[in-house]
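The primary structure of each chain is shown beneath.
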Amino acid sequence: MTRPDRVAVHEAGRDAGGRLARLRNIVPVLLGVGLFALGVYALARMLHPVRAADVIANVRATPWSHLAAAFLATVVGYLALIGYDWTGLRYLGKRVPMRIVALGGFLGYSFGNTIGISIVSGGAVRYRIYSAVGLNAFEIAAVSTYIALAFGFGITVIGLSALALYPHALANILPWPAGLTRIIAGAGAVASVALATWMAISGKSLRVRSVEINAPSPGILYGQLLLTVIDTAAAALVLYVLLPQGAPGFVPFLAIFAAALMAGILSHVPGGVGVFESVIIASMSQAAPLDQVAAALLLYRLIYYLVPFALALSFVALNEARLAGGLVTRLLGDVPEQLRPVMRTITSIVPTISGAASLGLGIYLLLMSLMPSVRPHQIDPNDLLAAIILESGALLSAALGVVLILVSQGLIRRISGAFWLIEATLFAGAIASILNGLDIESAALLVGASVVLWPFRGEFYRSAKLTQNLLSPGWFALVAGIILGSTAFLFFMHEATPYSSDLWIRFASDQNTPRALRAALLASALLTFFTIYLALQPARAHSRQPDPAALERAHAIIERHGSPDSLLALSGDKALFFSDSEDAFIMYAIQGRSWVAYGDPVGPAESVRDLAWAFFDAAYAANGRPVIYEVSERHLPLWIEMGFTLHKIGEEAVVRLPEFSLAGKKFRTMRAAHNKALKSGLEFSVLHPPHASGLLDELRVVSDAWLAQKKGQEKGFSVGRFDPAYLKYFPVAVVRREGRLLAFATVLEVEQGMRAAVDLMRYLPEEADGMMEFLFIELLEHYRDRGGREFSLGVAPLAGLEARHGTRFWNRFGALMFRHGGAFYNFEGLRAFKKKFRPEWRPRFLAVPGGTPPLVALKDIALLIAGGARGLVGK
């Protein structure tokens, strides 16, 4: 197979892999939308006889004693949920202060349960909190996994046990006789408990494919089972006390509740919305009025999910205000010292939580515009002014709801303009709510949300387009879900009004259905128009292939703001991602799903933040993951702020040139060897571009001989390559004897040679003895004599990693490879060689998104450097 054929096959395979990755990304979204649609359809069919006005009236008529009992059960339930974290940490043998455990559990469940999407799952919240007290990512992932497995085991045992006691509880759903249900459920419950007990006592583990699950001790196992019983019973009790007369007894209802909960979880619909309600309603007997069951479900969602979410968000906002100082700190005091690092860490999830809250408020405002006026105020049907006010309120509420939905993603991306637009929209929404039938409750809710978000304003600092990278499978799914849900809500609220074409033109203060139809039309038109408008916009090309114009632009930026290693952008094997103003760039390449940037962003400091976020957004918009390889300490706060996890991968050896000299006892051996090399006839010189073609021919002879000895192909990405188009930019240091070229090194220099680094270094195999040392000494002395400040000898991979108890797995693995990985690469020898020049060691890191194992990213980086799998094998 010829090389072009191999390249074509590689590109075809890469395209196929990209299509498969995109398919894997789209299928779960389509499945979630489909299940949500089925849940909504089933719910609409079951609630067909119910009038919306009756549901609202039942909500308002709920006795305060029932509401108080539901709130009390919610408190008990969340206390039990906090116990999950406590037992999970005990399972790992970790000691964490109880107030930190309580904080992690409450915020994790309040945010994770309500939103129900992975980006703000309980695991993500716990990661921020527990990492602040010393737990690493693997330990926090283990806690989250334990909690998920413990809940799944507990809810299964509880549901099966309750069903075994009352097999008729799901008679409306299950197709087989009650006797068979009792046998299956009882056997399942006993088998589950027996298996878990045997594993706990014997210390055995359970392997499911490649995952090995170690059972906790019997004490932790049964303690966790008790907590799950309390949690599930309390959550079920919240709904049970709100149900009308005619509902089944509590234990049978517990079986129904557990089945509905599991159905909602397995559907992967956020919060199980629609699926959970369908199972509950389908399981109710005919003695329970449907409108009262619907009212109970609505209140259950409000009390058990939305109220804790609002309290958690308010708690974080209040502590953010306390951390900022000022009036709130003077009134309530400062944050306790023990909680201070935790609270500072929690603020990193604020953009995501705020975006989710704004999305929910937008949907709420949209739904309010579709509701009929049922409040106890009297309006004359013939009052034209009242009709205009109500119409304006409904249309404005719908439009502002769409604005909140559209702009919410800007909060997630920390865009400053999104925050201020959200604040303005919330206040405008409060005014629209008052116009829309004097809806004081909604106005108070929106103003309260604006007040809660205000302390977070410092977290939104980016200047970027609100609509950048918005279109995605998730976006289309969200729009489809909102339109589907709003349509179902509209029909449910106004099904008593028969449809006719003249409804669209009826205009009076008592014409609720025509007003809702116009509001729905406006909202759907805005969403559709906005989506089409974005789809038709030409894509802004931040990324540019390394054509001559792009390389010259990058070269100009490097000359003003770059470091020596940033000149690797000119090698031509990396794409260039420019800022909007094209005064900064990131060099990167794509391997698999990894968008691997090399080194620090290049450009002025004021452009780096927005450039980094734009690269971050572009990677995720393309179903990729951003990775930064060999990043320095310069922008570490930014990477941490963006949610990256940093892993040390080595140290760069940098020699301070004014201090370098071969004089003294420490360099006696090196000095003697260098003098011997000079006496043997070695001659050193540095040749500056432009280079003659004859010199390039000489260099190629040496390079080919060096590569042949290495039995590999030209490497790339993080190192330069022998290419005349690349070499034309740099000085070349050459070593000759009697006119014959023996070795050469290309030098990356910036600031007119004040800072330099060695790139390619190649020599004839027969001249290997002492040649690298000779070249390094001559280069250091040459740039020192020219007045240079520092010279980089390159990175020593895996150097400087600590393998102490409690350090990350990656540190321990890397340190082991450094000491004993000589069969793969002479890590220790390379560092020892560079150490002879008494350099300053500067750490280099690998930055990966939180939760991404570093070895996954390093596999893709290795393929980029080697030029593919064949390069790795050849190496």
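For the structure itself, look to the data block above.
Residues numbered from 1 in each chain as written. Predicted model: local features only at pLDDT ≥ 70, side-chain atom pairs only at ≥ 80, totals over all residues. Heavy atoms only, no water.

K.L.:
Explain the overall build of the protein to me, please; I cannot follow it from the model alone.
P.N.:
Secondary structure assignment for the protein yields 30 helices and 14 strands. When the 875 residues of the protein are sorted by exposure, 49% land in the buried category. Expressed as a percentage of contacts within the protein between residues at least 6 apart in sequence, the contacts between residues at least 24 apart total 74%. Put simply, the protein shows about 40400 Å² of open surface, and 63% of that area lies on carbon and sulfur atoms. (Helix = DSSP H or I, 4+ residues; strand = E, 2+ residues; numbered from the N terminus. Buried < 20%, exposed > 50% of the residue type's maximum accessible area, 1.4 Å probe, protein only. Contact = heavy atoms within 4.5 Å. Areas by Shrake-Rupley, 256 points an atom, 1.4 Å probe, with all protein chains shown as cover.)

K.L.:
Would you mind showing me how to read the pattern of salt bridges here?
P.N.:
Any two side chains of opposite charge can pair, given that their charged atoms come close. Within this structure, the stated rule accounts for 19 salt bridges. The residue Asp573 makes a salt bridge to Lys574 at a minimum N-O spacing of 2.8 Å. We classify Asp573 as partly exposed; its relative accessible area is 26%. With a relative accessible area of 1%, Lys574 lands in the buried category. Among the salt bridges present, the one from Glu751 reaches Arg755, with a minimum N-O distance of 3.1 Å. Among the charged side chains, a network of salt bridges with common partners joins Arg656, Glu751, Arg755, Arg789, Glu790, Glu840 and Arg842. (Salt bridge = Lys/Arg side-chain N within 4 Å of Asp/Glu carboxyl O.)

K.L.:
I would appreciate a short explanation of the packing of helix α14 (residues 350–370) against helix α17 (residues 440–453) in the present structure.
P.N.:
A pair of packed helices is characterised by two quantities: the angle between their axes and the separation of those axes. In the contact formed by α14 and α17, the axes pass within 12 Å of each other and the chain directions differ by 165 degrees. As judged from the angle between their axes, α14 and α17 are roughly antiparallel. Once α14 is placed against α17, the crossing between them reads as left-handed. Counted together, Ser354, Ser358, Leu361, Tyr364, Leu365 and Met368 of α14 and Ser442, Leu445, Leu446, Ala449 and Leu453 of α17 form the full contact between these two elements. A class-by-class count of the residues in the contact of α14 with α17 yields 8 nonpolar, 3 polar and no charged. (Axes fitted to C-alpha atoms, helices over the stretch in contact; angles between N-to-C directions. Parallel < 35°, antiparallel > 145°, perpendicular 65-115°, else oblique. Left-handed = near helix turned anticlockwise from the far one by under 90°. Nonpolar A, V, L, I, M, F, W, Y, C, P; charged D, E, K, R; others polar.)

K.L.:
Help me understand the side chain of Glu778, please; the structure alone is not making it clear to me.
P.N.:
Topologically, Glu778 is positioned in helix α26 (residues 771–785). No salt bridge is formed by the buried Glu778; its nearest oppositely charged neighbour, Arg784, is found at 8.8 Å. A polar contact is formed between the side chain of Glu778 and the side chain of His674, at a distance of 2.8 Å. Here Glu778 is in contact with His674, Leu678 and Phe684, once residues within four sequence places are set aside. (Lys, Arg positive; Asp, Glu negative; His and termini not counted. Polar contact = N/O pair within 3.5 Å; in protein donor to acceptor, adjacent residues only side chain to side chain.)

K.L.:
Please clarify how the pairing of strand β8 (residues 644–656) should be interpreted in this entry.
P.N.:
Consecutive residues of a regular strand have side chains that alternate between opposite faces of the sheet. Among the 13 residues in β8, 12 count as buried, and that is most of the element. Here 10 bridges tie β8 to strand β14 (residues 840–849), and the two strands are oriented antiparallel to one another. Each residue of the ladder has a partner; that of Thr645, found in β14, is Val848. (Pairing = 2+ DSSP bridges.)

K.L.:
Would you mind going over the nonpolar core with me for this structure?
P.N.:
Ranked by size, the top nonpolar core spans 90 residues in total, and within it Leu107, Phe111, Leu239, Phe257, Phe276 and Ile280 carry the most contacts. When neighbours within four sequence positions are excluded, Phe257 is seen to be in contact with Thr232, Ala235, Ala236, Leu239, Phe276, Ile280 and Tyr300. By size, the runner-up hydrophobic cluster in this structure holds 80 residues, among which are Leu699, Leu742, Tyr763 and Leu780. (Core = buried A, V, L, I, M, F, W, Y, C linked by side-chain atoms within 4.5 Å.)

K.L.:
Sorry if this is basic, but what is going on with the pairing of strand β4 (residues 575–578) here?
P.N.:
Residue alternation in β4 divides its side chains into two sets, Ala575 and Phe577 and Leu576 and Phe578, and both sets are buried. Sheet topology note: the β4/strand β5 (residues 585–591) ladder contains 4 bridges and is antiparallel. Bridge assignment links Phe578 to a residue of β5, and that residue is Phe585. Following β4, the chain reverses through 6 residues before pairing antiparallel with β5; Glu582 in that reversal takes a positive phi of roughly 55 degrees.

K.L.:
How should helix α7 (residues 178–202) be read in this particular structure?
P.N.:
A turn of α-helix holds 3.6 residues, and therefore any two residues three or four places apart point the same way. The terminal C-alpha atoms of α7, which comprises 25 residues, lie 36 Å apart, in line with the 36 Å expected from a rise of 1.5 Å per residue. Residues of α7 that are buried: Thr181, Ala185, Gly186, Ala189, Ala196, Thr197, Met199 and Ala200. Following α7 by one or two positions, Gly203 has its phi on the positive side, about 75 degrees. (Expected span 1.5 Å × (residues − 1).)

K.L.:
So what exactly am I meant to see when it comes to the packing of aromatic side chains here?
P.N.:
Two measures describe an aromatic ring pair: the distance that separates the ring centres and the angle between the ring planes. All told, the structure shown has 34 aromatic pairs when counted by the stated rule. An angle of 65 degrees between the planes, with centres 6.2 Å apart, marks the rings of Tyr78 and Phe106 as edge-to-face. Residue Tyr78 is found in helix α3 (residues 64–92), and its partner Phe106 is found in helix α4 (residues 98–115); the two are separated by 28 residues along the sequence. On the accessibility criterion, Phe106 (23% relative accessible area) is partly exposed. With 6.3 Å between their ring centres and 40 degrees between their planes, Phe419 and Trp454 make a pair best called tilted. With a gap of 35 residues between them, Phe419 in helix α16 (residues 416–435) and Trp454 in the loop between α17 and α18 (473–494) connect regions that are remote in the sequence. Here Trp454 falls in the partly exposed class, since its relative accessible area comes to 38%. Members of the aromatic cluster, connected to one another through ring pairs, are Tyr78, Phe106, Tyr240, Phe250, Phe253, Phe257, Phe276, Tyr300, Tyr304 and Tyr305. Here Arg301 stacks its cationic end above the ring of Tyr305, 5.1 Å away from the centre of that ring. (Phe/Tyr/Trp six-rings, centres within 6.5 Å; stacked < 30°, edge-to-face > 60°. Lys NZ or Arg CZ within 6 Å of the ring centre and 35° of its normal.)

K.L.:
Where do I start with the environment of Ala520 in this structure?
P.N.:
The topology assignment puts Ala520 in helix α19 (residues 512–536). Residues Ala520 and Leu366, spaced 154 residues apart in sequence, show a C-alpha to C-alpha distance of 8.1 Å.

K.L.:
In this structure, what is going on with the environment of Leu741? I would like to understand it.
P.N.:
On the secondary structure map, Leu741 appears in strand β11 (residues 740–750). For Leu741, the residues in contact, after removing those within four places along its chain, are Glu698, Leu699, Val702, Val734, Val735, Arg736 and Leu764.

K.L.:
What is the right way to read helix α23 (residues 668–679) from this model?
P.N.:
For α23, which comprises 12 residues, the first-to-last C-alpha distance of 17 Å matches the rise-based estimate of 16 Å (1.5 Å per residue) to within 8%. Considered for burial, the residues of α23 that qualify are Met670, His674 and Ala677. Projected down its long axis, α23 shows its buried positions confined to an angular sector of 60 degrees, all on one face. Residues of α23 that are exposed and point more than 90 degrees away from the buried face comprise Arg668, Thr669, Lys676 and Lys679. Elements in contact with the buried residues of α23: β9 (682–687) and α26. Following α23 by one or two positions, Gly681 has its phi on the positive side, about 105 degrees. (Arc of directions from axis to C-beta.)

K.L.:
Explain the side chain of Glu652 to me, please; I cannot follow it from the model alone.
P.N.:
With respect to the helices, strands and loops of the structure, Glu652 is situated in strand β8. Note on Glu652: relative accessible area 12%, which makes it buried. Within the structure, the side chain of Glu652 is placed 3.0 Å from the side chain of Arg844, a separation counted as a polar contact. Setting aside anything within four residues of it in sequence, one finds Glu652 in contact with Ser792, Gly794, Val795, Glu840, Trp841, Arg842 and Arg844.

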